[in-house]
Amino acid sequence: MKVMIVGSGGREHAIAASVAKSGRVEKIYCAPGNAGIAQIAQCVPIGAMEFEKIRDFAKENEIGLVIVGMDDPLVGGLVDVLEAAGIRTFGPRKNAAILEGSKAFSKDLMKKYHIPTAAYETFDEAEDALEYLHTQAKFPVVLKADGLALGKGVLICNTLQEAEDGVCTIMTERKFGAAGNRLVIEEFMTGREVSVLSFVDGKTIRIMSSAQDHKRAKDGDQGLNTGGMGTFSPSPFYTPKVDAFCREHIYQATVDAMAAEGRPFVGVIFFGLMLTAEGPKVLEYNARFGDPEAQVVLPRMKNDMVEVCEACIDGRLDQVELEFEDNAAVCVVLASDGYPVKYDKGLPITGLEHFENREDVYCFHAGTKTGEDGKTILTNGGRVLGVTAKGGTLAQARKNAYAAAGWVDFANKYMRQDIGKAIDEA
Ligand code: AMP
Ligand code: GLY
């Protein structure tokens, strides 16, 4: 079978590596991909939002399965376009991807179906949001742009002044564009965060091994929010008790709610959970694999990725049990110094050959491209590489990941030194 992956980051590289292990795959394509993905797939110069081009390419090349990795094309309806052309596609249709595409939708869904989450109000007008902040809000308070905003549309405001500025940024100045047409104002929660990814076939849900992200740019969770500076899996804080609670109150309830709303969800639901003193609550849903969560979860998955995707598409996930290796993985993101604000690109990367033919360490490419000589690999983004290592324990995996992170170099290489350090407190 020929498989095509849509996206260009570390997540898509991890998906491609997982697909490459399937005995049933003859060739992998990726649109648009990157220099690392190009080592295991044929990258085609089609953007993730060029739906017609993706459809035509998939038809002409007899692609048997398309896996959509990124949020934008999912929320924009790529799956619907491909399905209409008879192309088998793994990912939610537009009417289900709204679970990630609109925070107001997901909050209303949780309220209606009694799924635990932070208390909230939704506003269409800046004036009404300001009135609420003046009269009813408790601080800190959380402001969320309704739509997709590259993971940057969430503001935690400690004071009324900060919150007023936040409403202005999101709704008046439209810093996140149309994502700011509506605003969710939410109760601030405290606790540890856990990411749980799952496969869903519209009715059945199968949970993957847990993970934890590190969203802030600097050590000790300081600095600006980023797309994610590193991850580990499993999370020692995701205990059997937490798992049992989430199975009873969150996972199946979400899948059933989507089905009841006439929006059956097929694909990956990513549950961003906060383990509060009152129990686990949903921070957010994503309609896709997490990045960099996929880079620690997928290397530990024993199942054939293509078979699981097909079981989801065909509605027979109830016949599949997911299996994960009894070990741990840590991913350290190597970024360009200055990310997420301002940084240089186009710098040569050395040492990548150390990762060739290894099963225990991976170098997933997030932002790279091949130089004009057709050989040199250059940095091409804020997050450049995700170095993942496995180990018998999280502490060992962490040691291995930091050792491997030293094998590669580029002029403005920056990484956090404390990925997975929380493990020591568990
Ligand atoms: P989201 O994109 O909704 O996951 O939000 C990004 C980050 O903001 C989360 O990973 C949390 O660290 C933080 N956050 C979001 N909502 C809340 C909340 N209600 N209380 C505290 N922190 C939050
Ligand atoms: N790592 C968080 C995300 O993928 O949204």
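For the structure, check the block above.
Residues numbered from 1 in each chain as written. Chains lettered and ligands numbered in written order. Predicted model: local features only at pLDDT ≥ 70, side-chain atom pairs only at ≥ 80, totals over all residues. Heavy atoms only, no water.

Caption draft 1: Up close: the sheet that holds strand 3 (residues 42–43). The strand order across the open sheet formed by five strands is 3-2-1-4-5, and the pairing between neighbours is parallel. Either end of the sheet is taken by a strand with one partner, and the two such strands are strand 3 and strand 5 (89–90). Pairing of strand 4 (residues 65–68) with strand 5, which is carried by two bridges, proceeds in the parallel orientation. What sits directly across from I67, in strand 5, is F90. Each of strand 1 (2–7), strand 2 (27–32) and strand 4 touches helix 1 (residues 10–20); the most contacted strand, strand 1, lies at about 170 degrees to it. (Pairing = 2+ DSSP bridges. Helix = DSSP H or I, 4+ residues; strand = E, 2+ residues; numbered from the N terminus. Contact = heavy atoms within 4.5 Å. Axes fitted to C-alpha atoms, helices over the stretch in contact; angles between N-to-C directions.)

Caption draft 2: Structural view of the site of ligand 1. Around ligand 1, 13 residues are found, and the nearest of them are E186, E187, M189, E193 and E284. K103 places a side-chain nitrogen or oxygen 3.4 Å from an oxygen atom of ligand 1. For ligand 1, an oxygen atom lies 2.8 Å from a polar atom in the side chain of E284. For ligand 1, the protein covers 91% of the area, taking 470 Å² as the surface of the free molecule. (Near = heavy atom within 4 Å. Polar contact = N/O pair within 3.5 Å; in protein donor to acceptor, adjacent residues only side chain to side chain. Areas by Shrake-Rupley, 256 points an atom, 1.4 Å probe, with all protein chains shown as cover.)

Caption draft 3: Structural view of the packing of helix 7 (residues 126–135) against helix 8 (residues 160–172). Viewed as axis vectors pointing N to C, helix 7 and helix 8 meet at an angle of 165 degrees, and their least axial separation amounts to 10 Å. Comparing the axis directions of helix 7 and helix 8 gives the class roughly antiparallel. Considering how the two elements wind past one another, helix 7 and helix 8 form a crossing that is right-handed. Packed against helix 7, whose contacting residues are A126, A129, L130, L133 and H134, the element helix 8 presents L160, A163, E164, V167, M171 and T172 at the interface. Broken down by class, the residue content of the contact of helix 7 with helix 8 amounts to eight nonpolar, two polar and one charged. (Parallel < 35°, antiparallel > 145°, perpendicular 65-115°, else oblique. Left-handed = near helix turned anticlockwise from the far one by under 90°. Nonpolar A, V, L, I, M, F, W, Y, C, P; charged D, E, K, R; others polar.)

Caption draft 4: How the structure looks around the environment of A145. Following the sequence through the fold, A145 ends up in strand 7 (residues 141–145). Taking the C-alpha atoms as reference points, A145 and V6, separated by 139 residues in sequence, lie 26 Å from one another. Each residue touching A145, except ones within four places of it in the same chain, is listed here: K103, G153, I170, F176, A179, G180, R182 and L183.

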